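The primary structure of each chain is shown beneath.
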Amino acid sequence: MEYITAAEAAAKWGVTVRQVQRLLASERIPDAKKFGRSHLIPANAEKPSDLRFEKKRLPSNALLSDFTQMLPLLVIHTPRHDPQSVLNTIRDNRIKLICEGAFAYAQGDFARAGECYRKCEGNDAAKLCSSFYAIGAAICTGDYPFYVEIEAFLKNIINENLRADITAAAELSLAGAYIGAMAPQIAPEWIKSGTFSALPVQYKADAAYLRSKYFHCIGKYDSMLDVAQTTLAFYGSAEEVSSTDLYLRLMCAVACHSTDRKEESRQWLLDAMNIYVPYGIITHFVELMTSMGGLVEQLFEQEYPEWYDTAITQWKRTIPNWIKFHNRFTEDNITLILSIREYQMAQLAARGVPFKKIAEQLHVSPGTLNNNMQTIYQKLFINGKKELPQYIL
């Protein structure tokens, strides 16, 4: 059998090399072979169809009515003394699947979370409501084909433009992936501005959490704390628990840590652990390990040693996948993240052009160029010039 490279396949099919690489990563090119870091593709291979257009057109009327019907049922009062017992009180199978999947994700059972999402097949409203945790499970496991499947479903909903609240709910799930993977620039503008008017009330606290995390991504820690504390004051409860309540508490812990209020940070974190960890809810804490300078690990070891090894193992298994998705999101959306001028500078720097020549070519001073390059590094969440080629070239 004759083979061609990814670049040759891209030229043959009239697509970018990056698109071919995505198809290879999702194993959609039959009989392709990997040699080291490169792939060889059968010369007679046909371009796979785009998943976004393979999906059937959404049954718009069913989605509209089902989503409207399900919204009130999503208001579930989960007792603090035994959160998972709420599953025994839910009569609607769709809502029960959504809750089971959310619990599975919170407890680190990502395979079960994915199963719950798939069991919603046939009811697009249930799939939409399950997408927030399912897309996180796909990233945690590094399952790119599963991520693409969920992303295609959500983008279909957005493109259908059925109704403002449904579109916003789909955008919210995608924003959870983008902001969670530290790619905040591609989150929807309404999260950045705090304009939640299109969202159903059941989703507003989740949106506020993501806005708080957005502020964390861009280094606005006082705003991060204000949003998290204000939302907790409106939606928090001393008798009930929820994943949003936990996330908001943890945002308060991260904001305090980032502003050198160490004892407040420790107390926020410990209070959250005391409420949630006894029930095996650890994923949310694991997600913070990189941001808290060892405090999460320390408290697990001191206060919940029986969960320490499980948390560390989950962190080691999942953090590389979040980093991979961060890189992928950044590569795919580089022209949205950087301005045209910044992109020009980044391209030249990535190709090894000395800064002095870049400044001369673009008619800017060396100081201005240096300031712009620091902005570029911050936007891409990289440490310097050496990391540019993986995003730009």
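Since the structure is predicted, the reported quantities are computational estimates derived from the model, not experimental observations. (Residues numbered from 1 in each chain as written. Predicted model: local features only at pLDDT ≥ 70, side-chain atom pairs only at ≥ 80, totals over all residues. Heavy atoms only, no water.)

Right, let's get into helix α5 (residues 93–106). Taking 1.5 Å as the rise per residue, α5 with 14 residues should run 20 Å; its terminal C-alpha atoms sit 20 Å apart, in good agreement. In terms of burial, α5 is a largely internal element, 10 of the 14 residues being buried. Here α5 has its buried residues at Arg94, Ile95, Leu97, Ile98, Cys99, Gly101, Phe103, Ala104, Tyr105 and Ala106. Two residues or fewer past α5, Gly108 is found with a positive phi of approximately 85°. (Helix = DSSP H or I, 4+ residues; strand = E, 2+ residues; numbered from the N terminus. Expected span 1.5 Å × (residues − 1). Buried < 20%, exposed > 50% of the residue type's maximum accessible area, 1.4 Å probe, protein only.)

Generally speaking, a soluble globular protein has its nonpolar side chains buried in company with each other. Within the largest apolar cluster, 126 residues are counted, with the highest numbers of intra-cluster contacts made by Tyr147, Phe285, Phe300, Phe329 and Leu388. Take this core: its biggest share by element is 11 residues, from helix α7 (residues 124–140). Core analysis: the next-biggest nonpolar cluster, separate from the first, contains 12 residues, Ala10, Trp13, Val20 and Ile41 among them. (Core = buried A, V, L, I, M, F, W, Y, C linked by side-chain atoms within 4.5 Å.)

Next up on the list: helix α12 (residues 221–235). Relative to the 21 Å expected for 15 residues at 1.5 Å per residue, α12 spans 21 Å between its end C-alpha atoms, a close match to the ideal helical length. Among the residues making up α12, those that are buried are Met224, Leu225, Val227, Ala228, Thr231 and Leu232. One face of α12 carries all of its buried residues, which in axial projection span an arc of 165°. Among the exposed residues of α12, those oriented more than 90 degrees off its buried face are Asp222, Ala233 and Phe234. (Arc of directions from axis to C-beta.)

Our next topic: unusual backbone geometry. Apart from glycine, the bulk of residues carry a negative phi angle, and the bulk of peptide bonds sit in the trans form. One non-glycine residue with positive phi stands out, namely Met182, at about 55°. As for its placement among the helices and strands, Met182 is situated in the loop between α9 (164–180) and α10 (189–193). With relative accessibility at 27%, the residue Met182 sits in the partly exposed group. Even without glycine at this site, His363 takes up a positive phi of about 60°. In this fold, His363 is placed in the loop between α20 (355–362) and α21 (366–380).

How two helices pack is summed up by the angle between their axes together with the distance between the axes. One way to put it is that helix α11 (residues 201–217) packs onto helix α13 (residues 243–258) with a least axis distance of 10 Å and a crossing angle of 20°. Our classification of the angle between α11 and α13 gives roughly parallel. The handedness of the crossing between α11 and α13 comes out as left-handed. Between α11 and α13, the contacting residues are Ala205, Asp206, Tyr209, Ser212, Lys213 and His216 on the first element and Thr244, Tyr247, Leu248, Met251, Val254 and Ser258 on the second. (Axes fitted to C-alpha atoms, helices over the stretch in contact; angles between N-to-C directions. Parallel < 35°, antiparallel > 145°, perpendicular 65-115°, else oblique. Left-handed = near helix turned anticlockwise from the far one by under 90°. Contact = heavy atoms within 4.5 Å.)

One can describe the packing of α11 onto α12 by two numbers: an axis separation of 7 Å at closest approach and a directional angle of 165°. On the basis of the axis angle, α11 is roughly antiparallel to α12. Considering the relative orientation of α11 and α12, their crossing is left-handed. In contact with Lys204, Ala205, Ala208, Arg211, Ser212, Phe215 and His216 of α11, α12 contributes Tyr221, Ser223, Met224, Val227, Ala228, Thr231 and Tyr235. For the contact of α11 with α12, a count of residues per class yields eight nonpolar, four polar and two charged. (Nonpolar A, V, L, I, M, F, W, Y, C, P; charged D, E, K, R; others polar.)

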